[in-house]
Amino acid sequence: MDIDQLQQTLADLEAETTAKIAGITAIDELRHVESQTTGKSGTLGQMLGTIKDYPADQRGQVGKILNQAKGKLTGIFKQAGDRIRQAETSAEASKASTFDPTLPGVRPPLGTAHPVTLVQWQVEDVFQRLGFMIETGPEMETEYYNFEALNIPALHPARDMQDTFWMTNNMLLRTHTSPVQVRAMERHGPPLRVIAPGRCFRYETIDASHENTFHQVEGLMIDKNISIANLIAMMRLLLREVFGRDVKARLRPGYFPFVEPGFELDMSCLICDGKGCPTCKHTGWIEILPCGMVHPNVLRYGKIDPHEYTGFAFGLGLTRLAMMKYGIGDIRVLTGGDLRAIVPTPRLTGPTIKPESAGAAC
Amino acid sequence: MLISLNWIREFVDLPADLSADALAEQFTLIAAEVEGVEKIEVGAKGLVCAEITSLKPVSGTDSTHAAELNLGDKTVQTCTNAPDLSVGDRVVYATTGAHVNALGTINDTTVGGLPSAGMILPGDALGVEPAAREAIFLSPNVAPGTELPGELFDDWVIEVDNHSINHRPDLWGHYGIAREFAAIFKTKLKPYPVVSEAELTSVDLPEIPITIDDGDACPRYSGLRMTGVTGQPAPLWMQLRLGHVGIRPISCLVDLTNYIMLELGQPMHAFDGDTVTGIEVGFLKPGAKFTTLDNIERTLPDQALMILSDRKPVALAGVMGGADTEISDETRTILLESANFHPHIIRKCAAALSHRTDASARFEKSLDPAHTTLAIQRFVTLARDEFAEFALASKLSDAYPKPLESVTVTVDPAFVARFMGHPVTREQVTDILTALEFKVRRDGDNLIVDVPSFRATRDIEIEADIIEEVARYVGYNNIEPDFPEVTIRALDPNLQQRIEKRALQLLTQSFGCCEIFRYLWYDTEFLNRIKHDPGPCITLRNPAAAGLERFRQSLIPGLLSAAELNRHHLDAFRLCELGTAFPRVNNDHDQRRHIGMITALKSKKAEDQLLAELKGLVDAWSWQLVNRPATFTPADIAESRQWENSPKTAAIYIAGQDVGRIGIIPLELRRNLDEHLAAWSMAWAEIHINPLATLDEPPSKLDAIPQFPEVELDFSALVDATGHYDGVRKQIAAFGDDLLRRITFVDSYEGKSIPDGKRALTFRARIGDPSRTLTEEDLTRFRAAFEKHLTANGMELRQ
């Protein structure tokens, strides 16, 4: 190729390239054309490789021409690049002008634990902070742990208080979480601090406020010199932590064969503020926390010497607590399986427009 | 139990300035829970005793009678609907212009054309609810025309929670309740008004022969024969008190035994004296028949303790008397039984007969044997004032083969204070116990406490019982709260609890599942609907209802029924439950903790997608929970489990253990569940979580960032759609190369551009060299080697 031809070719290349990139709107595409043109194996790149084919006296001139062309083309590509980037930037800006910062996001499936589980976790947190360990026991339980080891021998009238589901294999469904008391004593020995949340069963007719299946949490603390005053302090702390404020409470005698003395702890009704309403049967008080000092016989069943150690135990109705916390009026929905009754609606429905407060609450 | 405050006031002076509510609150805080306080306010004015002198039906009415009444100084006619009236009866009558709150002022009217003056009042207008529509009959001791003072009818009634006095037989009578009130208000309890025992034993009359076969079953039996009794009504005050506490007045004799039972807690039984001579107490063979006084023939259970006379059974001990020896209006002589029975025997017998009575409910609480004679003394005291010709016909007879053992407790006042966490002196302890009729004496630093017999039958046995007495009278609410000093111990963690909580938190907080609770038992009706026969299950002896006896072996049926509920108002959901299942794998006592999940989407063709997502969920959950993957293999499926009965069911393996199953809910099951669910896609998984609790934390090392860049190459291979990923995985895992860092699974694809019967699996190989940058030659060589391996294993490469 003589120099004239070379110059013509380069002029063509320049025109061709200019035409080619005019319609390009993406940087990647431009880079592709650039590498086909000025890259090592591109059109111009290959022409640079032909300099050595020219007679020695022309090589300087050819080199100069080719370098000039390369500079020009590089300029063209740079210009095109600037144009494209400019366009992209303004496109993004123009899109952004229709951006709605208030539009809700796209939510992955939103799960939730059962209301009773949520309350249980809250109670567990309180007691774990106090160094209590969380224990469990079986739902299908022996007569020994459910009754006998709790100082409730056969034919004791207290067995009436806890109508029992009996199984054909001579086991029973635990009527309370208290069997875990002796199980925990056997497992750990004294001193100990445990709570045992779990499911309990009583043979009862079901209605809006009675279930044959419900949850409790048992508490047990055994150490040297545990006193009634200690029990009272811990129970008040429990109520304050669970309800998030000081709750008026009173302690009165209660009878449970596995504690002596036994107490019922009533708290001032939160619905009516103690003035009296149907929820508290017009007494102003709600029975929430049966408790007491562990009966020496129960300590003995747990292989603990009652002369050396004393302790307290309590049982808190998690189901009742959940109903109070979440305003659940009918206990049956808790085992009913219908999510509408146990999952806050906005969690099920997605972003809620009305009622407005629903979104804020959840 | 209902308590009349009028009755209580007979034994103790209650503070006049305290309202019934305040009295009840004090009782609740110190003794036992009062569940309710009710005022009985009859507002009676102008009531008199009227004698019926004639009685004629009013024509044109069903049950109305015109009664001519003798009011002492005059005679009136009134029309009445009261049943069971006879000429000669004396009744409570409201004169014209009289008033009771329930009916207002009583005016004259006409009934069926007859003038009717005043009114024979029904029980419910007089505060005697149990005798609602009946007249209140008066004793012949009340002269016609006698004015009945209005205040007699008014009372306060408090209801004590029965559960809270189960352990306190002494509180099952008004006198015992009065004793607590006396201690609460630091006042004197009046002596129980009775004739002396000596007066009844010193009379020159025969003894009743009493034989007791078994002193454990019947520690004491006391009896007294009396004559000169009649079928007359009890005194009005007694009828009113009984009525206030829910007992229907019947006749003086019956009312007296009820009255004393409610006063002292001691049940008694009056036999017709002509039908019963001597008394034997013993067991009869089970299966024998006995007709009780409610005229029901009962088949005696095992260990039924009976009262016999002349070898004939006359009463079911402690439960109910017999029909043959029942007293009637004609009875003039009675044999009064006042006995003490073993609580367990009475409880078992009443339970076996499903016939709990007021008497058996008291006997099963362990009554004080000292009360047998005391109750008879009380009976005589009250009866002789009522029956004009009352006379004793025997000595007070008493067999007491098994005297109550006295209970003495040693109490250390310093320990009492320590146990309470509240200062208390020896003197305070002594005062409190003495007020409750304990006998206290000093022994060095200790106190020796003799427990009164009415607290010694089971209630008070040990020092802690005494502490309760002291503490409740110190006042639980006077004890200053005080945090315990603790000993720090690192107890072994409960691994099962830990894994369950974490597992549930992940599912509900990270993986979009809503937790539900279902019952432990299957609902047979539901199982029939989904055509699932679980086979032999652990069962309940006393199910909540028929069809609810079988324990669940799987959580899936419960979740399925919940899914059916939720499809009505949701288009997509994920349900989970963590609970106990009873799969009967090893034996009848198996109980395992399972996690069950159901995912559902209102779309016909999404089941593969749902299953893939659920597999991914289980895998991710497993990683988060136990730091290991979940893998899936072909499962042995139980075809009877309708949800497993699909080729799209797999076993879930974690840490090499078969821990569960996963699959889609087949169309037929969805249809059986609910026709509408045919248009849905559903997947399920069930995992036995116990084996995961004890897994060790696996070693987990982090890789350093490579010094030289690594390269990823994708390979796509066609395999038989009937083959398993798991097989391919193993073949690929056999490939080795120095440059190979890792091979991962990318995806599986069937459909467009893939030949029928084939599936495209895509893998990604990462290669690198820790000492240099890879060259083009490296890539080419590796690609060729790997492709050769795939081809050699029968896979067709896809470009």
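Here is what the cut-offs are and how they apply
- Residues numbered from 1 in each chain as written.
- Chains lettered and ligands numbered in written order.
- Predicted model: local features only at pLDDT ≥ 70, side-chain atom pairs only at ≥ 80, totals over all residues.
- Helix = DSSP H or I, 4+ residues; strand = E, 2+ residues; numbered from the N terminus.
- Rg over C-alpha atoms; globule rule 2.2 N^0.38 Å.
- Buried ≥ 20, exposed ≤ 12 C-beta atoms within 10 Å, placed from the backbone.
- Contact = placed C-beta atoms within 7 Å.
- Domains from an automatic or database assignment.
- Nonpolar A, V, L, I, M, F, W, Y, C, P; charged D, E, K, R; others polar.
- Pairing = 2+ DSSP bridges.
- Axes fitted to C-alpha atoms, helices over the stretch in contact; angles between N-to-C directions.
- pLDDT = per-residue confidence, 0-100.
- Expected span 1.5 Å × (residues − 1).
- Parallel < 35°, antiparallel > 145°, perpendicular 65-115°, else oblique.
- Left-handed = near helix turned anticlockwise from the far one by under 90°.
- Core = buried A, V, L, I, M, F, W, Y, C linked by C-beta atoms within 7 Å.

**Quick word on the overall build of chain B**
So, step 1. A count of helical and extended segments in chain B gives 20 helices and 38 strands.
So, step 2. Here the C-alpha atoms of chain B give a radius of gyration of 41 Å, more than 25% beyond the 28 Å that 2.2 N^0.38 yields for 799 residues.
So, step 3. With the principal axes as the frame, chain B shows a C-alpha extent of 135 × 85 × 55 Å.
So, step 4. Taking all 799 residues of chain B together, 43% fall into the buried category.

**Brief notes about the overall build of chain A**
So, step 1. Along the backbone of chain A there are 13 helices and 9 strands.
So, step 2. Across its three principal axes, chain A shows a C-alpha extent of roughly 125 × 50 × 45 Å.
So, step 3. Taken across its 362 residues, chain A has 41% of its residues classed as buried.
So, step 4. Within chain A, contacts between residues separated by at least 24 positions form 63% of all contacts whose residues are at least 6 apart in sequence.

**Thoughts on the domain arrangement of chain B**
Residue and element names in this part refer to chain B.
So, step 1. For chain B, the assigned domains read domain 1 (2-41 + 156-184), domain 2 (45-153), domain 3 (199-399), domain 4 (407-471), domain 5 (495-693) and domain 6 (711-798).
So, step 2. Distance between the C-alpha centres of domain 3 and domain 4: 36 Å.
So, step 3. With 4 residues of domain 3 in contact, the opposing surface of domain 4 contributes 4 residues.
So, step 4. Along the lines of polarity and charge, the residues of the side of domain 3 that touches domain 4 split into 2 nonpolar, 1 polar and 1 charged.

**Side note on the interface of chain B and chain A**
So, step 1. Chain B puts 73 residues into the contact, and the matching count from chain A is 65 residues.
So, step 2. For the side of chain B that touches chain A, the secondary structure elements donating two or more residues are helix H2 (20-30), helix H7 (343-352), helix H10 (413-420), helix H12 (463-474), helix H13 (495-510), strand S28 (514-515), helix H15 (556-566) and strand S29 (572-581) of chain B.
So, step 3. Residues that form the side of chain B that touches chain A fall into these classes: 32 nonpolar, 24 polar and 17 charged.

**Description of the sheet that holds strand S35 (residues 711-720) of chain B**
Sheet strands pair by backbone hydrogen bonding; their relative direction is either parallel or antiparallel.
Residue and element names in this part refer to chain B.
So, step 1. Strand order in the open sheet formed by 4 strands is S36-S37-S35-S38, and the pairing between neighbours is antiparallel. Each edge of the sheet is formed by a strand with only one pairing partner; in this case those strands are strand S36 (740-749) and strand S38 (796-798). Along the sheet, successive strands turn relative to each other by an average axial angle of 35°, direction set aside.
So, step 2. Here S36 pairs with strand S37 (residues 758-767) via 8 bridges, running antiparallel. Among the inter-strand pairings, Ser748 is bridged to a residue of S37, identified as Leu761.
So, step 3. Its contacts with the sheet place helix H19 (residues 725-733) against S35, S36 and S37, and it is angled at close to 35° to S37.
So, step 4. Taken strand by strand, helix H20 (residues 776-792) contacts S35, S37 and S38, and its axis lies near 20° from that of S35.

**Some remarks on the sheet that holds strand S4 (residues 192-201) of chain A**
Residues and elements named next belong to chain A.
So, step 1. Strands sit in the order S1-S4-S5-S9-S8-S7-S6 across an open sheet of 7 strands; the sheet is mixed. Across the chains shown, the open sheet's two edge strands, defined by having one partner strand only, are strand S1 (133-134) and strand S6 (249-253).
So, step 2. Inspection of the sheet shows strand S5 (residues 213-223) paired to strand S9 (residues 310-317) by 8 bridges, in the antiparallel sense. Residue Ile222 lies in a different strand from S9, and its bridge partner there is Gly311.
So, step 3. Helix-sheet contacts for helix H8 (residues 228-243) involve S6, strand S7 (259-268), strand S8 (285-294) and S9, and the interaxial angle to S8 is about 145°.

**Focus: helix H3 (residues 174-184) of chain B**
All names here are of chain B.
So, step 1. Burial within H3 is extensive, with 11 of its 11 residues counted as buried.
So, step 2. Residues of H3 that are buried in the fold lie against strand S1 (2-4), helix H1 (5-9), H2, helix H6 (252-264), helix H11 (426-435) and H12.
So, step 3. Taken from the residues just after H3, Lys186 is the one with a positive phi, measuring 50°.

**Notes on the environment of Met267 of chain A**
Residues and elements named next belong to chain A.
So, step 1. Among the secondary structure elements, Met267 is positioned in strand S7.
So, step 2. By the C-beta count within 10 Å, which is 22 here, Met267 ends up buried.
So, step 3. Through-space distance from the C-alpha of Met267 to that of Leu251 is 8.9 Å; in sequence the pair is 16 residues apart.
So, step 4. If sequence neighbours within four positions are ignored, Met267 has contacts with Leu239, Val247, Lys248, Ala249, Ile286 and Ile288.

**Section: the domain arrangement of chain A**
Quoted interface sizes are often the accessible area lost when the parts come together.
So, step 1. If you check the domain split of chain A, you get domain 1 (3-93) and domain 2 (115-329).
So, step 2. Relative to domain 2 of chain A, the C-alpha centre of domain 1 of chain A lies at a distance of 85 Å.

**Focus on the confidence of the model for chain A**
So, step 1. Summing up the model confidence of chain A, the mean pLDDT is 90 and the portion of residues at 70 or higher is 98%.
So, step 2. Residue range residues 358-362 of chain A is modelled with pLDDT below 50. Its contacts to residues more than four positions away, or to other chains, number 10 contacts.

**Describing the pairing of S4 of chain A**
Residue and element names in this part refer to chain A.
So, step 1. Judged by how many residues are buried, S4 sits mostly within the fold: 9 of 10 residues are covered.
So, step 2. Note: S1 against S4, 2 bridges, orientation parallel. Bridging across to S4, Met133 finds its partner in Val194.

**Regarding H6 of chain B**
All names here are of chain B.
So, step 1. An ideal rise of 1.5 Å per residue puts 18 Å on 13 residues; H6 measures up with 18 Å between its terminal C-alpha atoms.
So, step 2. Of all 13 residues in H6, 11 are buried; the element is thus mostly enclosed.
So, step 3. Along H6, the positions that sit buried rather than exposed are Cys252, Leu253, Asp255, Leu256, Thr257, Asn258, Tyr259, Ile260, Leu262, Glu263 and Leu264.
So, step 4. Buried positions along H6 lie against H3, helix H5 (236-244), strand S15 (269-272), strand S22 (333-340) and helix H9 (371-386).
So, step 5. Phi turns positive one or two residues past the end of H6, at Gly265, with a value near 85°.

**Description of the environment of Ser268 of chain A**
Residue and element names in this part refer to chain A.
So, step 1. Looking at the element boundaries, Ser268 is found in strand S7.
So, step 2. Residue classification places Ser268 among the partly exposed residues on the basis of 16 C-beta atoms within 10 Å.
So, step 3. Here the alpha-carbon distance between Ser268 and Cys280, two residues 12 residues apart in the chain, equals 8.8 Å.
So, step 4. Setting aside chain neighbours within four positions, we find Ser268 in contact with Val247, Lys248, Asp273, Gly274, Gly284 and Trp285.

**A closer look at the packing of H5 of chain B against H6 of chain B**
All names here are of chain B.
So, step 1. In contact at an axis separation of 10 Å, H5 and H6 are set at 55° when each is read in the N-to-C sense. Between H5 and H6, the angle is such that the two are oblique. Considering the relative orientation of H5 and H6, their crossing is left-handed. Residues Met238, Gln239 and Leu242 of H5 touch H6, and the partners they reach there are Asp255, Asn258 and Tyr259.
So, step 2. Classifying every residue of the contact of H5 with H6 gives 3 nonpolar, 2 polar and 1 charged.

**Points about the nonpolar core**
So, step 1. Ranked by internal contacts, the top residues of the largest apolar core, which has 254 residues, are Met235 of chain A together with Leu305, Ala317, Met420, Val470, Leu575 and Met682 of chain B.
So, step 2. In terms of nonpolar packing, the next biggest core, distinct from the first, is built from 33 residues, Met119, Leu121, Ala135 and Phe153 of chain B among them.

**Regarding the packing of H10 of chain B against H12 of chain B**
Residue and element names in this part refer to chain B.
So, step 1. Contact pair H10 / H12: the axes reach a minimum separation of 11 Å and the direction vectors enclose 60°. When the interaxial angle is binned, H10 and H12 end up oblique. For H10 against H12, the interelement crossing comes out right-handed. Across from Val416, Phe419 and Met420 in H10, the residues of H12 making contact are Ile467, Val470, Ala471 and Val474.
So, step 2. Class assignment of the residues belonging to the contact of H10 with H12 gives a composition of 7 nonpolar, no polar and no charged.

**Some points on the pairing of strand S6 (residues 90-100) of chain B**
Residues and elements named next belong to chain B.
So, step 1. For S6, the tally of buried residues reaches 8 of 11 residues, placing the bulk of the element in the interior.
So, step 2. Of the pairings in the sheet, the one linking strand S3 (residues 45-57) to S6 comprises 6 bridges and is antiparallel in character. Looking across to S6, one finds that Leu47 is bridged to Ala94.
So, step 3. For S6 and strand S11 (residues 137-138), the ladder comprises 2 bridges, and the chain directions are antiparallel. Within S11, the residue paired with Val91 across the bridge is Phe137.
So, step 4. Summarising the sheet, S6 and strand S7 (residues 104-105) pair through 2 bridges and their orientation is antiparallel. Bridging from a neighbouring strand, His99 pairs with Thr105 of S7.

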